[in-house]
Amino acid sequence: MHKQSDNLFEKSKEIMPGGVNSPVRAFQAVSRNPLFIHHAKGSKIYDADGNEYIDYVCSWGPGILGHAMGQVVKAVQKTCENGLTFGAPTEKEYILAKMVQERMPSMEMLRLVNSGTEAVMSVVRVARGFTGRDKIVKFRGCYHGHSDGLLVKAGSGALTQSVPDSLGVPKDYIKNTLVAEYNDIASVEALFEKEGKEIAAIIVEPVAANMGVVLPEKGFLQSLREIADRYQSLLVFDEVITGFRLAAGGAQEYFQVKPDLTTLGKIIGGGMPMAAYGGRKEIMEMVAPVGRVYQAGTLSGNPVATAAGIETLKILGQQPEIYEELAQNTKKIADTIREVFGDRVCVNQIGSLMSVFFTEEKVIDYKSAVSSDTKKYAAYFNDMLGRGIYLAPSQFESMFVSAAHTQEDLQKTIEAIKRIGEKLINLLYK
Ligand code: KE4
């Protein structure tokens, strides 16, 4: 059934930690060997043993159009023929930056980088450089990449692997990282009352998607905006997941809250290594070579990744109806799970993001998210995998729906949920 994957996994484990290049891919949380993927097309992925799956990981977000989208692949192939990277400015970087700015006008000026981690690391440095303050506020369970100062009570793989505070990060690095509770404005107010004058910025996932999907409660984001203004701190939206996914203009368009700075990743590169950070011009002009906040990158804005990003944003721009369709399709899956499992689970869904938590609590923050039974989630994951449905191998990640998921895919997914529902309820809840 998975002989090739198992064989590749055994060999890979000898040369790469856990046999993977990113922890969550190791499938440890679902107690089985990972599948090695051979190729993908549209909504499907195919493992090394030739098994086909409907893919709801979509490479953790970049795949909003589906895999190996013809127009994107052609643009990449054509660009490659003219050279992969020059280490010099190109027109494509301007074109992509302009497209981003048109969709997110708060990004008056931006810089292209190679990963979400790099974007967040850079934006924190700029916020500190601009305000002259050292402290930042993040939220327990939110994940902003693996830069030292942000591996504090982090979500995603850090939470999945139970290392929300990583080894190897000096205490000195994290004394400036203050932790508040998501959807708990009082916890933010308390930090600011105590140290507001030293807080450079609040960084938040406007929809948390790294402790599973947790929606901002009404007024939460607006209150963060108001507190930041009150203390002359900056509000940073980490839109690495929500950018171009929740709406063309991301969460800042969806919720109509304007951050001072934004980080982007995933969809901006259409599957190639591409990310960005940006915001108010007066802040971004602190960045070298204009200002004295240094940040650089050999492959930043490289032609091949910008070509993929440009094509992806172009297609999304030509088909704005995609967002409503994605939301409706995702809601169909969410409603089926609610129907089958009842109040045994909590399903959080917004746009094309959703998570099912195996807890009877309403999941609104880290504490309620970790009340979910990860063993039940693992049983659900493995049963769905056996039916050809590839979900996130962790309770603390999101399910991603793409424009390539057909009504047939959705029907098969819904049928699978209905079929395993009965079995899992008997197995897990009796
Ligand atoms: P990358 O460095 O992985 O490109 O981006 C870091 C990052 C920053 N901000 C947010 C809100 C993110 O979700 C991420 C990365 N997301 C995870 C999935 N939840 C990446 C998957 C992985 O670590 O393998």
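Residues numbered from 1 in each chain as written. Predicted model: local features only at pLDDT ≥ 70, side-chain atom pairs only at ≥ 80, totals over all residues. Heavy atoms only, no water.

Visitor: How would you explain the packing of helix α3 (residues 91-103) against helix α11 (residues 303-318) if you had to name every residue and give the values?
Guide: Running from N to C, α3 and α11 point in directions that differ by 35°, and their axes come no closer than 9 Å. Here the hand of the crossing between α3 and α11 comes out left-handed. Facing α3, whose interface residues are Lys92, Glu93, Ile95, Leu96, Met99, Val100 and Arg103, α11 presents Pro303, Thr306, Ala307, Gly309, Ile310, Leu313, Lys314 and Gly317. Here the contact of α3 with α11 is composed, by residue class, of eight nonpolar, three polar and four charged. (Axes fitted to C-alpha atoms, helices over the stretch in contact; angles between N-to-C directions. Helix = DSSP H or I, 4+ residues; strand = E, 2+ residues; numbered from the N terminus. Left-handed = near helix turned anticlockwise from the far one by under 90°. Contact = heavy atoms within 4.5 Å. Nonpolar A, V, L, I, M, F, W, Y, C, P; charged D, E, K, R; others polar.)

Visitor: Describe the nonpolar core, listing the residues and the values that go with them.
Guide: Of all hydrophobic cores here, the largest spans 109 residues; its most connected members are Phe139, Phe244, Ile337 and Tyr380. Of the residues forming this core, the biggest block, eight residues, is contributed by helix α12 (residues 321-341). Once you skip the residues sitting within four places of it in the chain, Ile337 turns out to touch Gly342, Val345, Val347, Met354, Val356, Tyr380 and Ile417. Listed in part, the 20 residues of the second largest apolar core include Val126, Ala201, Ile203 and Ala275. (Core = buried A, V, L, I, M, F, W, Y, C linked by side-chain atoms within 4.5 Å. Buried < 20%, exposed > 50% of the residue type's maximum accessible area, 1.4 Å probe, protein only.)

Visitor: Could you give an account of the sheet that holds strand β7 (residues 199-204), naming the residues involved and the relevant values?
Guide: The strand order across the open sheet formed by seven strands is β4-β10-β9-β8-β7-β5-β6, and the pairing between neighbours is mixed. A single partner strand is all that each edge strand has here, and the edge strands are β4 (109-113) and β6 (177-180). With strand direction ignored, the average angle separating the axes of adjacent strands in the sheet is 20°. In terms of strand pairing, strand β5 (residues 135-139) meets β7 through three bridges, oriented parallel. Note on β7: the bridge partner recorded for Ile136 is Ala201. (Pairing = 2+ DSSP bridges.)

Visitor: I'd like to hear about helix α14 (residues 374-386), residue by residue, with values.
Guide: For α14, with 13 residues, the first-to-last C-alpha span of 18 Å sits near the 18 Å given by 1.5 Å per residue. Looking only at α14, the buried set comprises Lys376, Tyr377, Ala378, Tyr380, Phe381, Asp383, Met384 and Leu385. Residues of α14 that are buried in the fold lie against β3 (52-55), α12, β12 (353-357), β13 (389-390) and α15 (407-429). The positive-phi residue at the C-terminal boundary of α14 is Gly388, with phi of around 80°. (Expected span 1.5 Å × (residues − 1).)

Visitor: So what about the environment of Val370? Which residues, and what values?
Guide: Locating Val370 in the fold gives a position in the loop between α13 (366-369) and α14. Judged by relative accessible area, which is 34%, Val370 ranks as partly exposed. The spacing of Val370 and Leu159 is 211 residues in sequence and 9.1 Å in space, taken between C-alpha atoms.

Visitor: Residues and numbers for the pattern of salt bridges, please.
Guide: Counting across every chain of the model gives 23 salt bridges. Lys314 is the partner of Glu311 in a salt bridge, and the nearest nitrogen-oxygen pair spans 3.5 Å. With Glu311 and Lys314 both in helix α11 and three residues apart, the pair spans about one turn of that helix. Owing to a relative accessible area of 12%, Glu311 belongs among the buried residues under this scheme. We note a salt bridge from Lys423 to Asp383, for which the minimum N-O separation is 2.7 Å. (Salt bridge = Lys/Arg side-chain N within 4 Å of Asp/Glu carboxyl O.)

Visitor: Describe the site of the ligand, listing the residues and the values that go with them.
Guide: Around the ligand, a shell composed of 17 residues is seen, among which Ser22, Thr117, Asn210, Asp238 and Glu397 lie nearest. Measuring from an oxygen atom of the ligand, one finds a side-chain N or O atom of Ser22 at 2.6 Å. Ser156 places a polar side-chain atom, nitrogen or oxygen, 3.4 Å from a nitrogen atom of the ligand. When the ligand is considered free in solution it has 540 Å² of accessible area, and contact with the protein chains removes 87% of it. Of the residues in the shell around the ligand, the class split is five nonpolar, eight polar and four charged. (Near = heavy atom within 4 Å. Polar contact = N/O pair within 3.5 Å; in protein donor to acceptor, adjacent residues only side chain to side chain. Areas by Shrake-Rupley, 256 points an atom, 1.4 Å probe, with all protein chains shown as cover.)

These figures come from the coordinates and say nothing about function on their own.
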